[in-house]
Amino acid sequence: MPQLRPLDPNFPIAHQLGESASPAVLVNIFTVDEADVDSLLAAWEADALWMKQQPGFISTQLHRAIGGSCAFMNYAVWESVDHFRQAFTNPAFQQALGAYPDSAVISPHLFQKMAVTNLCTD
């Protein structure tokens, strides 16, 4: 079973699930032992295919760290935190977490776009 480690210990994913935001962006950082990379990728692919079928799912993209690193980042866009919460807390998804290798450390965190003058629109 993987270890869930908050990206921000002051506001872990369990607290974020109680918030309201639309749209919502999930950033999920994974680290894994090199020997378990294929297992991690297989588990992530199965989860992503399942999530893709859930209401409110928009898109996802997996990234691998450059070089020999065994760190990965998933970026997924959801219509709202409510939609993500329904999928993330679904017993089928929670059970599927058991497919991840024991060496996996997973750090999910929700974000929303923000405006920065002359750079970013919200």
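In this text the structure is predicted, and so the values were computed from the model without any measurement. (Residues numbered from 1 in each chain as written. Predicted model: local features only at pLDDT ≥ 70, side-chain atom pairs only at ≥ 80, totals over all residues. Heavy atoms only, no water.)

(A) Fine view of the environment of Gly56. Looking at where Gly56 falls in the secondary structure, it is placed in the loop between helix H2 (37–52) and strand S3 (57–64). Contacts of Gly56, omitting those with residues within four sequence positions, involve Val77, Trp78, Glu79 and His83. (Helix = DSSP H or I, 4+ residues; strand = E, 2+ residues; numbered from the N terminus. Contact = heavy atoms within 4.5 Å.)

(B) Representation of H2. Taking 1.5 Å of rise per residue, 16 residues should cover 22 Å, and H2 covers 22 Å from first to last C-alpha, within 8% of that figure. Buried residues belonging to H2 abut strand S2 (24–31), S3, strand S4 (71–78), helix H3 (81–88) and helix H4 (91–96). (Expected span 1.5 Å × (residues − 1).)

(C) Here's a closer look at the pairing of S4. Pairing of S2 with S4 involves eight bridges; the strand directions are antiparallel. The residue bridging Ala24 from the neighbouring strand is Trp78, located in S4. One ladder, built from seven bridges, connects S3 with S4; its direction is antiparallel. Bridge pairing in S4 places Arg64 opposite Phe72. (Pairing = 2+ DSSP bridges.)

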